[in-house]
Amino acid sequence: MTVILVRYFAAARAAAGVNEEKVAAPDLATLLSVISQAHGPTLATVLDRCSFLVDGLACHDRSVPLPADTVVDVLPPFAGG
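Reference entry: report on the structure contained in this document. Just so it is clear, the model here is predicted, and its values are computed rather than measured. Numbers given to residues run from 1 along each chain, matching the order in which its sequence is written. In keeping with the predicted nature of the model, local features appear solely for residues at pLDDT of at least 70, side-chain atom pairs appear and are counted solely at 80 or more, and the whole-chain, interface and lining totals rest on all residues. Side-chain numbers here rest on the full set of heavy atoms in the structure, without hydrogens or water.

**Things to note about the pattern of salt bridges**
To keep it simple, the criterion reads: Definition used for salt bridges: Asp or Glu carboxyl oxygen within 4 Å of a side-chain nitrogen of Lys or Arg. Only DSSP runs of H or I with at least four residues qualify as helices, and only runs of E with at least two residues qualify as strands; both kinds are numbered from the N terminus onward.
A complete count under the given rule lists one salt bridge for this structure. Residue arginine 7 is joined to aspartate 73 by a salt bridge in which the shortest nitrogen-to-oxygen separation is 2.6 Å. On the criterion of sequence distance, the pair formed by arginine 7 in strand β1 (residues 3–8) and aspartate 73 in strand β5 (residues 71–75) is long-range, its members being 66 residues apart.

Printed below as a string of structure tokens:
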């Protein structure tokens, strides 16, 4: 299984309790499931509203495979203008 670097921002960072972590997952859907289970229902709720960058590119397809050394940024909605 490939190891992914997950970086959390704002409310996602607060809910996860860490700035970043390495997680083994073959695709984005599995990654989200693993981190939801690891960090609990508060993070799971935040993830439902998040956007995700995979190696810096917006990703809306949760079935996208994640090669080794991929970086996934977890971005909750931001307030402001």
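**A short note on the sheet that holds strand β4 (residues 57–59)**
The test is simple: Here, any two strands with at least 2 DSSP bridges between them count as paired. Where helices are involved, their axes are fitted lines through C-alpha atoms of the stretch in contact, as for all axes, and angles between N-to-C directions lie from 0 to 180°. Should any heavy atoms of two residues lie within 4.5 Å, those residues are counted as being in contact.
The strand order β2-β1-β5-β3-β4 describes an open sheet built from five strands, whose pairing is mixed. The sheet terminates laterally at β2 (20–24) and β4, the two strands that pair on one side only. Adjacent strand axes in the sheet meet at a mean angle of 30° when their direction is disregarded. Two strands pair when backbone bridges link them, and strand β3 (residues 51–54) and β4 are joined in this way by three bridges, in the antiparallel orientation. The residue of β4 that forms the bridge with leucine 53 is alanine 58. Against the sheet, helix α2 (residues 28–39) touches β1, β2, β3, β4 and β5, its axis set at about 120° to β2.

**Regarding unusual backbone geometry**
Where we set the bar: When a residue's accessible area, from a 1.4 Å probe over protein chains only, is under 20% of the maximum for its type it is buried; when over 50% it is exposed; and in between it is partly exposed.
Backbone geometry at aspartate 55 places phi at a positive 50°, although glycine is not the residue there. Tracing the backbone shows aspartate 55 in the loop between β3 and β4. For aspartate 55, a relative accessible area of 49% corresponds to the partly exposed category. The backbone of aspartate 69 shows a phi angle near 70°, a positive value even though the residue is not glycine. Looking at where aspartate 69 falls in the secondary structure, it is placed in the loop between β4 and β5. Residue aspartate 69 is classed as exposed on the basis of its relative accessible area, which comes to 69%.

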